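# Breakdown of the fold
Okay, here's what each chain looks like letter by letter:
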Amino acid sequence: MITALFEDIDHVLIEVTMAVIPLLIFFFVFQFFFLKLEKEKIKNIVIGIIFTFAGLVLFLQGVEVGFFPAGEAIGESLGARENTMLLLPVLGFLFGLVATFAEPAIRILNYEVEKVTAGSISKNVMLITLSLGVGVSIALSMFRILAGIPLWWFIIPGYALAIILIFFSKDRFISIAFDAGGVATGPMTVTFIMAIAVGVATVTEGRDPLVDGFGMIALVALTPIISVLILGLIYKQKERMEQ
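Small disclaimer: the values here were computed from a predicted structure and weren't measured. (Residues numbered from 1 in each chain as written. Predicted model: local features only at pLDDT ≥ 70, side-chain atom pairs only at ≥ 80, totals over all residues. Heavy atoms only, no water.)

### Looking at the pattern of salt bridges
Taken as a whole, this structure holds 2 salt bridges when the rule is applied. The salt bridge partner of E112 is K115, with a shortest N-O separation of 3.5 Å. Taken together, the positions of E112 and K115, both in helix α5 (residues 104-116) and 3 residues apart, correspond to about one turn of that helix. For E112, a relative accessible area of 33% puts it in the partly exposed group. Linking E239 and K170 is a salt bridge whose minimum nitrogen-to-oxygen distance equals 3.1 Å. Remark: K170 occurs in the loop between α7 (152-166) and α8 (171-184) and E239 occurs in helix α11 (residues 216-242); sequence separation between them is 69 residues. (Salt bridge = Lys/Arg side-chain N within 4 Å of Asp/Glu carboxyl O. Helix = DSSP H or I, 4+ residues; strand = E, 2+ residues; numbered from the N terminus. Buried < 20%, exposed > 50% of the residue type's maximum accessible area, 1.4 Å probe, protein only.)

### Describing the nonpolar core
Counting 46 residues, the largest nonpolar core has M126 and V228 as the members making the most contacts within it. Secondary structure elements with two or more residues in this core: α4 (84-101), α5, α6 (123-147), α7, α8, α9 (187-203) and α11. No other element matches α11, which puts 10 residues into this core. With near-sequence residues (within four places) excluded, V228 lies in contact with M126, T129, L130, F173, I176, A177 and A180. Grouped together as the second largest cluster of nonpolar side chains are 5 residues, I9, V16, V20 and V57 included. (Core = buried A, V, L, I, M, F, W, Y, C linked by side-chain atoms within 4.5 Å. Contact = heavy atoms within 4.5 Å.)

### So, α6
Between its first and last C-alpha atoms α6 spans 36 Å; for 25 residues at 1.5 Å apiece the expected length is 36 Å, and the two agree. After α6 finishes, the residue G148 shows a positive phi value of roughly 70°. (Expected span 1.5 Å × (residues − 1).)

### Observations regarding α9
Across its 17 residues, α9 extends 24 Å between first and last C-alpha, which sits within 8% of the 24 Å expected from 1.5 Å per residue. I193 marks the point of greatest bend in α9, at about 25°. For α9, a buried count of 13 out of 17 residues is recorded, marking the element as mostly surrounded by other parts of the structure. (Bend = angle between axes of the 7 residues up to and from the residue.)

### A look at the packing of aromatic side chains
Inspection of the entire model under this criterion finds 7 aromatic pairs. Their ring planes at 85° and their centres at 6.3 Å tell us that F95 and F192 sit as a pair that is edge-to-face. Of this pair, F95 sits in helix α4 while F192 sits in helix α9, and the two are 97 residues apart along the sequence. The rings of F30, F32, F33 and F34 are connected pair by pair, giving a single aromatic cluster. In this structure, K36 packs its charged tip against the face of F32, placed 5.4 Å from the ring centre. (Phe/Tyr/Trp six-rings, centres within 6.5 Å; stacked < 30°, edge-to-face > 60°. Lys NZ or Arg CZ within 6 Å of the ring centre and 35° of its normal.)

### A word on the packing of α8 against α11
Contact pair α8 / α11: the axes reach a minimum separation of 7 Å and the direction vectors enclose 155°. As summarised for this structure, α8 and α11 are arranged roughly antiparallel, according to the angle between their axes. Here the hand of the crossing between α8 and α11 comes out right-handed. On the side of α8, the interface is formed by F173, I174, I176, A177, F178, A180, G181 and A184, while α11 contributes V220, A221, P224, I225, V228, L229, L231, G232 and Y235. Tallied by class, residues from the contact of α8 with α11 come to 15 nonpolar, 2 polar and no charged. (Axes fitted to C-alpha atoms, helices over the stretch in contact; angles between N-to-C directions. Parallel < 35°, antiparallel > 145°, perpendicular 65-115°, else oblique. Left-handed = near helix turned anticlockwise from the far one by under 90°. Nonpolar A, V, L, I, M, F, W, Y, C, P; charged D, E, K, R; others polar.)

### Points about a nonpolar patch on the surface
Together, I21, I25, F26, V29, F30, F32, F33, F34 and L35 make up an exposed nonpolar region whose accessible area comes to about 950 Å². The residue F33 is located in helix α2 (residues 9-35) in this model. (Patch = residues over 30% accessible without salt bridge, like charges linked within 9 Å, V, L, I, M, F, W, Y side chains within 5 Å. Areas by Shrake-Rupley, 256 points an atom, 1.4 Å probe, with all protein chains shown as cover.)

Put into structure tokens, the structure is as follows:
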């Protein structure tokens, strides 16, 4: 079993190496000409890069042998059941909540927001806001697959709503919102939730995994934007009430 986990890991090593080497080259060029960091800091950075390299290799290998197959199997099992029109969106919402809580990129974004805003926007509020947004997007994606609704029926009105909200939300939330949309489409969502969506589309009659299974990530990138902009409206209203 342990041997199976590390089968074909060589191509993952090559991919991660090709991704990390350019970053190393840029760093050492900047170190030589501009940064001039102390040896102790360089040592810590190199150790961090080694940990990053090992983490990427293990994560990508785990995705290939675990996350993708497990996600597709769960999606196929759920999609094969009867009366899934209500069950799958509810489960999709829960999957979205859990994946967002486990998303490392979102944790980092929330920490930076709290630090830059001196705690006026707490990381817990941001985490709950983004989790609800992603949960709604996964629920809508599952409903879209089951009902056979085209993706643009959600995308165009969604971005139209986001553009409208820009004019009413607080300024500081606008940039956070559009950054959050990209951060929410991180490795947990892409590797696990998307595999579930593809699995559901595979076993649902009349659905194409390529046409219906994909596109979920577009919704995941959209709903956090709207949820953060709505949070900005709440903060704006709260400030008016306190004045």
